[in-house]
Amino acid sequence: WVLADGSEIDIAKMGSVEELLPGEEFSVYNKVPVDFAEGEYLCFRAKNIFFTVYVDGQLVYDPYVSENIFYTKGPGTKWHYVKLSETQIGKEIEFKVTKVYDSGKASIIDIVLGEPARAIMDTIEEKLVAFITCILTIFIGILLIIADIPINISARKNHELLYLGLFSVSVAGWCLVETHLIQYYLGDSRVMQLLSCCALMMIAIPIILYLDAAFGFRKRKVVAAMIGLSFGSFVLAMILHMTRIADVHETLHFSHVVLVMSAIVLYYTIIKNTFVLSKSAGKNIFRVIRGVGLCSLSVATVIDIIRYYAFQSNDTAMFVRIGLLIFIICFGASSLEKTINAV
């Protein structure tokens, strides 16, 4: 792919090209290959760009993008399939592109020539493990929420399982959107982007509540401060979004700051509750298990935040999914031990 001046460009990293300014239209060019076969389409995933496709100067694809006051500025991430014909072999393909955001993340990804059905199946096969992991985690989270009801019939209330379940569902829901498979079933990519950003903003609240229920904080202000900071950043982001000053995609750094602070609280909790030995060998084992779970999730979160900013990764939840699965296994085992003792 080349620009109008003939210089080559990686269309998967258009957002990182400083000369391509947001709001200004530019074009990238290629040619329909000679080995093109009738019935094949140009299959690709577009992210945070508005575009039209021309072949030999003729418009062949203009995706409709609906508008709504709640929508983000960009169209989000969506799969596209552009029909070509044998008469267009060797002719010039032109993408007229407009970037939405100033900070990276504008791209045309996984572009291939082939049958749409085959391209869809290849994508599903590639993302299937991640998709199943997210679904299972949501299912486990719902079970934990349900299990919290009979356990709290007793006089002494402890909603440890409830908060763990809410945390699992919120993170798994965000990871599910990031697999980019859900877009096949829900056509509005802008709604999916909005839900993804909002879910990410609220993740810190259930994890702080869970840590408080499971371990407790000596200073009660820690819980109130973290919840207030998380909810406050969410409200601020939504106000900026609704007033069209900056949409939720542009204010994600608020959420990342809160998530990093939550990770610091997690590390503090790990040190405080894992490395203080008890007289009971059983309790010590479960302390270590919980420590492994907290470490896995917090490290995975930090790694994915670094990948998001430094490496322009297309899968922004890859390590979080792994860390979350380890977290659920470890804390599920710990909570099971507590439940048995309660019974």
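Scroll up to find the structure this text is about.
Everything quoted here is computed from the prediction, not taken from an experiment.

Q: Explain the overall build of the protein to me, please; I cannot follow it from the model alone.
A: Secondary structure assignment for the protein yields eight helices and eight strands. Across the 343 residues of the protein, 48% fall into the buried class. Look at the contacts in the protein between residues 6 or more apart in sequence, and 79% of them connect residues 24 or more apart. Here the protein has roughly 17100 Å² of accessible surface; of this, 66% comes from carbon and sulfur atoms.

Q: I would appreciate a short explanation of the nonpolar core in the present structure.
A: Generally speaking, a soluble globular protein has its nonpolar side chains buried in company with each other. The biggest cluster of nonpolar side chains holds 48 residues, and the ones touching the most others in it are Phe-167, Tyr-210, Phe-327 and Phe-331. When residues of this core are traced back to their parent elements, those giving at least two are α1 (116-151), α2 (160-178), α3 (189-202), α4 (204-214), α5 (221-242), α6 (252-274), α7 (281-310) and α8 (318-342).

Q: Looking at this structure, I do not really get the state of the cysteines. What am I missing?
A: Working definition: the covalent bond between the sulfur atoms of two cysteines is a disulfide. One pass over the full model with this rule turns up zero disulfides. With no disulfide of its own, Cys-197 lies closest to Cys-198 among cysteine sulfurs, the gap being 6.9 Å. A residue is classified by how much of its surface remains accessible, and Cys-197, at 4% relative accessible area, is buried.

Q: It is not clear to me how the pairing of strand β7 (residues 92-99) should be interpreted in this structure. Could you clarify?
A: Remark: a regular strand shows side chains that alternate across the two faces of the sheet. The element β7 is largely enclosed, with a buried count of six among its eight residues. Of the pairings in the sheet, the one linking strand β2 (residues 25-31) to β7 comprises seven bridges and is antiparallel in character. By the bridge assignment, Ser-27 is partnered in β7 with Lys-96. Two strands pair when backbone bridges link them, and strand β4 (residues 49-55) and β7 are joined in this way by seven bridges, in the antiparallel orientation. Across the sheet, residue Phe-51 finds its bridge partner in β7, namely Val-97.

Q: How should α5 be read in this particular structure?
A: Three- or four-residue spacings in an α-helix give side chains the same orientation, since the helix completes a turn every 3.6 residues. Under the 1.5 Å per step criterion, the end-to-end length of α5 is 31 Å for 22 residues, consistent within 8% with the ideal 32 Å. Regarding α5, the residues found buried are Val-223, Met-226, Ser-230, Ser-233, Phe-234, Ala-237, Met-238, Leu-240 and His-241. Positive phi appears at Arg-244, one or two residues downstream of α5, with a value of about 65°.

Q: Just checking my understanding: could you explain α2 for this structure?
A: If you check α2, its first and last C-alpha atoms are 27 Å apart, about what 19 residues at 1.5 Å a residue would give, namely 27 Å. Among the 19 residues in α2, 15 count as buried, and that is most of the element.

Q: What's the story with the packing of α1 against α2 in this structure? I'm lost.
A: A pair of packed helices is captured by two measures, namely the crossing angle of their axes and the spacing between those axes. Direction vectors running N to C along α1 and α2 enclose 160°, while the axes themselves pass 7 Å from each other. The angle between the axes of α1 and α2 places the two elements in the roughly antiparallel class. Judged by the sense of rotation from one axis to the other, the crossing of α1 with α2 is left-handed. Of the residues in α2, those in contact with Phe-131, Cys-134, Ile-135, Thr-137, Ile-138, Gly-141, Ile-142, Leu-144, Ile-145, Ala-147, Asp-148 and Ile-151 of α1 are Glu-160, Leu-161, Leu-162, Leu-164, Gly-165, Leu-166, Ser-168, Val-169, Ala-172, Gly-173, Cys-175 and Leu-176.

Q: Just checking my understanding: could you explain the environment of His-249 for this structure?
A: Mapped onto the elements, His-249 comes out in the loop between α5 and α6. A sequence separation of 51 residues divides His-249 from Cys-198, and the C-alpha atoms of the two residues are 9.4 Å apart.

Q: Please clarify how a nonpolar patch on the surface should be interpreted in this entry.
A: Taken together, the side chains of Tyr-267, Val-288, Val-292, Val-299, Ile-303, Met-318, Phe-319, Ile-322 and Ile-326 present a nonpolar region at the surface, about 660 Å² in accessible area. Of all the secondary-structure elements, those providing two or more residues to the nonpolar patch are α7 and α8. With respect to the helices and strands, the residue Val-288 is situated in helix α7. For Val-288, a relative accessible area of 46% translates into the label partly exposed.

Q: How do you make sense of the packing of aromatic side chains when you look at a structure like this?
A: We describe a pair of aromatic rings using the distance from one ring centre to the other and the angle between the two ring planes. Overall, the coordinates contain six aromatic pairs when judged by the stated rule. Aromatic pair Trp-1 and Phe-95: ring centres 5.4 Å apart, planes at 75°, arrangement edge-to-face. Placement of the pair is Trp-1 in the segment before β1 (2-3) and Phe-95 in strand β7, with a sequence separation of 94 residues. By relative accessible area, which is 23% here, Trp-1 ends up partly exposed. On the basis of relative accessible area, Phe-95 is assigned to the buried category, the value being 0%.

Q: For this particular structure, what's the right way to read the side chain of Gln-88?
A: Following the sequence through the fold, Gln-88 ends up in the loop between β6 (77-83) and β7. Residues in contact with Gln-88, not counting those within four places in the same chain, are Val-32, Val-55 and Val-60.

Q: What should I look at first to understand the sheet that holds β2 in this one?
A: Hydrogen bonds along the backbone pair up the strands of a sheet, which may run parallel or antiparallel. Taking strand neighbours across the sheet as the criterion, the five strands line up as β1-β2-β7-β4-β5 in an open arrangement whose pairing is antiparallel. Here the strands that pair on one side only, and so sit at the sheet edges, are β1 and β5 (58-61).

Q: Explanation requested: unusual backbone geometry in the structure shown.
A: If a residue is not glycine, its phi is most likely negative; likewise, a peptide bond is most likely trans. Residue Asn-48 is not a glycine yet carries a positive backbone phi of 55°. Assignment of secondary structure puts Asn-48 in the loop between β3 (41-47) and β4. Overall, the relative accessible area of 1% leaves Asn-48 in the buried class. One non-glycine residue, Asp-56, lies in positive phi territory at about 55°. Note that Asp-56 resides in the loop between β4 and β5.

Analysis parameters
Residue indices follow the written sequence of each chain, beginning from 1 at its first position. For this predicted model, a pLDDT threshold of at least 70 governs which residues receive local features, and a threshold of 80 or more governs which side-chain atom pairs are given and counted, while totals over whole chains, interfaces and linings are taken from all residues. Side-chain metrics rest on all non-hydrogen atoms present in the structure, leaving aside hydrogens and water. Under the scheme used here, helices are H or I runs from DSSP no shorter than 4 residues and strands are E runs no shorter than 2 residues, and both carry numbers assigned from the N terminus. When a residue's accessible area, from a 1.4 Å probe over protein chains only, is under 20% of the maximum for its type it is buried; when over 50% it is exposed; and in between it is partly exposed. Throughout, a residue-residue contact means that at least one pair of heavy atoms, one from each residue, lies within 4.5 Å. In this description, accessible areas are obtained by the Shrake-Rupley approach with a 1.4 Å probe, and a residue is regarded as covered only by the protein chains that are shown. Residues grouped as a nonpolar core are buried Ala, Val, Leu, Ile, Met, Phe, Trp, Tyr and Cys residues, joined through side-chain atoms within 4.5 Å. For the purposes of this analysis, a disulfide is any pair of cysteine sulfur atoms at a distance within 2.5 Å. At least two DSSP bridges between two strands are needed for those strands to be called paired. What a helix is expected to span follows from its residue count: subtract one and scale by 1.5 Å. Between N-to-C directions, angles cover 0 to 180 degrees, with each direction set by a line fitted to C-alpha atoms, over the stretch in contact for helices. Orientation is classified from the angle alone, with under 35 degrees giving roughly parallel, over 145 giving roughly antiparallel, 65 to 115 giving roughly perpendicular, and any other angle giving oblique. What makes a crossing left-handed is the near helix being turned counterclockwise from the far one by less than a right angle; a clockwise turn instead makes it right-handed. Candidates for patches are residues over 30% relative accessible area with no salt bridge; among them, like charges are joined within 9 Å and nonpolar side chains (Val, Leu, Ile, Met, Phe, Trp, Tyr) within 5 Å. Should a side-chain nitrogen of Lys or Arg be within 4 Å of a carboxyl oxygen of Asp or Glu, the pair is scored as a salt bridge. Paired rings are identified among Phe, Tyr and Trp, the last through its six-membered ring, by centres lying within 6.5 Å, and are further divided according to the angle between planes into stacked (under 30 degrees), edge-to-face (over 60) and tilted (the rest).

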